[in-house]
Amino acid sequence: MNAHNKPNAPVLDSYWMPFTANRQFKAAPRLLASAEGMHYTSVDGRTVLDGTAGLWCVNAGHGRRQIAAAVERQLSTMDFAPSFQMGHPIAFDFAERLAEIAPGPGGAKLDRVFFTGSGSESVDTALKIAIAYQRSIGQGTRTRLIGRERGYHGVGFGGISVGGIVNNRRVFPQLPGSDHLRHTHDPAKNAFVKGQPEHGAELADDLERLVALHGAETIAACIVEPVAGSTGVLIPPKGYLERLRAICDKHGILLIFDEVITGFGRLGAAFATDYFGVTPDLVTAAKGLTNGAIPMGAVFASRKVHDALMHGPEGQIELFHGYTYSGHPAACAAGIATLDIYRDEGLMTRAAEIEGDWHEAMHSLKGLPHVNDIRTIGLIAGIELNSRDGAPGARAYDAFVDCFERGLLIRVTGDIIAFSPPLIAEKKHFGEIVSMLADALKRVK
Ligand code: PMP
């Protein structure tokens, strides 16, 4: 089939696309051909402003030659090396560089780094490390994992078990013993807020409820996104993360922050951990780790967790876990070049400098048709629309299609529009985003 009905249009039959309504897509494809700076160009030659840093990845903007050159250099030096009882210097170099900026405000940093191939792998790795840690300190009954409603932790069986996206969970079995805190979003109390909302810290006490229900001796870890992104930008109420940390400490539960989207400058600090000043035991990362250029993820572990696992007879593998592509040389090269760019261009703190303009631009959309909430933090925004009667999500999806036609890439989830522009964005881009989205909202029914 030639979906465009144009000469030279791509054939769309074979590729089973992820997270896409395939049948619908093939009738009206949206295909991106190239990218530079803040923009994509579609196959039919239209310029599309990237309001979402790809998929929360391309923090330094597109087309960074420095990354491409580093990857090319590495591939022509050594394309691959086994990750089994063997290593290569570039993976150690990258881990050292990451250790320098590792999450952990004012004190012990989570500077032991385990490499994976994606965010989902990072989450499953962190959950496994947590269970293995508990076992290694004589707490082998602790296998239960606690997540949160409306959490997104990727698509592995661990991730969907602690995640709270109903569509992810409906078809597939989940890990026994997984349970969920309530989510923190309360539009009745916290609408149109810039930064952290005032109300809702006490929702962290849900963890006490689950401890009372199941017994602390059964719970290995609790995982949350510091700011939930994929489920529509849910920002933690003031005091919430601190309270969660305190409850975890009280009951010997490890706290995991899933920083797959908040890592690498999204909030104006290297990690949300630093931004909020709350230190978990494990942090997951991916996306901005390599500026999205090469798939890669990482788990940052505290020394307490790491060192507890470093024992056993000589020659024994301490944690029987890893991936063929853990610390892939090309991904490490991309990662080091990415860190150089972040450092040289001050991108990790840039969100803090421009978030005032960003928040103002986003909140100027208040009063437009269908908008019932706007929430912003760092260089993130969530704009929630009223649902069209009987068709939840349809209005935001229409806005997505309309924006794409106008030349703006947005991300929709249910009736929420999410923005996470590259950290190189300038004020003029915020104006363009506002104007294109406003026009789209005036048009959608
Ligand atoms: N955790 C979070 C918080 C995410 O936002 C995502 C991806 N959006 C993932 C995990 C999964 O990452 P990946 O798609 O790379 O597996």
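Above this note sits the structure.
Given the structure is predicted, the values throughout are model-derived calculations rather than measurements. (Residues numbered from 1 in each chain as written. Predicted model: local features only at pLDDT ≥ 70, side-chain atom pairs only at ≥ 80, totals over all residues.)

Trainee: Looking at this structure, how should I read the site of the ligand?
Mentor: Within the structure, the ligand sits among 14 residues, and Ser118, Gly119, Ser120, Gly154 and Val260 are positioned closest to it. Considering every element that reaches the shell around the ligand, the biggest residue donor is helix α5 (residues 119-136), with 3 residues. A per-class count over the shell around the ligand returns 5 nonpolar, 7 polar and 2 charged. (Near = placed C-beta within 6 Å. Helix = DSSP H or I, 4+ residues; strand = E, 2+ residues; numbered from the N terminus. Nonpolar A, V, L, I, M, F, W, Y, C, P; charged D, E, K, R; others polar.)

Trainee: Sorry, what's going on with the pairing of strand β1 (residues 32-36) here?
Mentor: Residues in a regular strand project their side chains so that they alternate between the two faces of the sheet. With 0 of 5 residues buried, β1 lies mostly on the surface of the structure. Pairing of β1 with strand β2 (residues 39-42) involves 4 bridges; the strand directions are antiparallel. By the bridge assignment, Leu32 is partnered in β2 with Ser42. Taken together, β1 and the strand that follows it, β2, pair antiparallel across an intervening segment of 2 residues, in which Gly37 is found at a positive phi of about 60 degrees. (Buried ≥ 20, exposed ≤ 12 C-beta atoms within 10 Å, placed from the backbone. Pairing = 2+ DSSP bridges.)

Trainee: Whenever I open this one, the packing of helix α4 (residues 89-100) against helix α12 (residues 329-344) confuses me. Can you help?
Mentor: For any two helices packed against each other, one specifies the crossing angle of their axes together with the interaxial distance. Look at α4 against α12: their axes get within 9 Å of each other, and the N-to-C directions meet at 35 degrees. In this structure, α4 meets α12 at a crossing whose hand is left-handed. The segment α4 lies against α12, with Ile90, Ala91, Asp93, Phe94 and Arg97 engaging Pro329, Cys332, Ala333, Gly335, Ile336 and Leu339. For the contact of α4 with α12, the residue count by class is 8 nonpolar, 1 polar and 2 charged. (Axes fitted to C-alpha atoms, helices over the stretch in contact; angles between N-to-C directions. Left-handed = near helix turned anticlockwise from the far one by under 90°. Contact = placed C-beta atoms within 7 Å.)

Trainee: Where do I start with the pairing of strand β10 (residues 297-301) in this structure?
Mentor: Of all the 5 residues making up β10, 5 are buried; the element is thus mostly covered by neighbouring parts of the structure. The side-chain alternation of β10 yields two buried faces, one formed by Gly297, Val299 and Ala301 and the other by Ala298 and Phe300. By the bridge criterion, 5 bridges tie strand β4 (residues 112-116) to β10 in an arrangement that is antiparallel. Residue pairing across strands places Phe114 opposite Val299, the latter belonging to β10. Sheet topology note: the strand β9 (residues 282-285)/β10 ladder contains 4 bridges and is antiparallel. Across the sheet, Ala285 pairs through a bridge with Ala298, a residue of β10.

Trainee: Before we go on, may I ask you to explain the sheet that holds β10 in this structure?
Mentor: Sheet strands associate in pairs through backbone hydrogen bonding, adopting either a parallel or an antiparallel arrangement. The 7 strands are arranged β4-β10-β9-β8-β7-β5-β6 in an open sheet whose pairing can be described as mixed. Edge positions in the open sheet fall to β4 and β6 (179-181), since each of these has one partner strand only. Direction aside, neighbouring strands of the sheet carry axes that sit 25 degrees apart on average. Taken together, the 3 bridges between strand β5 (residues 144-148) and β6 define a ladder with parallel strand orientation. When the bridges of β6 are listed, Gly147 appears paired with His180. Across the sheet, helix α8 (residues 206-214) lies against β5, β6 and β7 (219-224), angled at about 150 degrees from β6, the strand it touches most.

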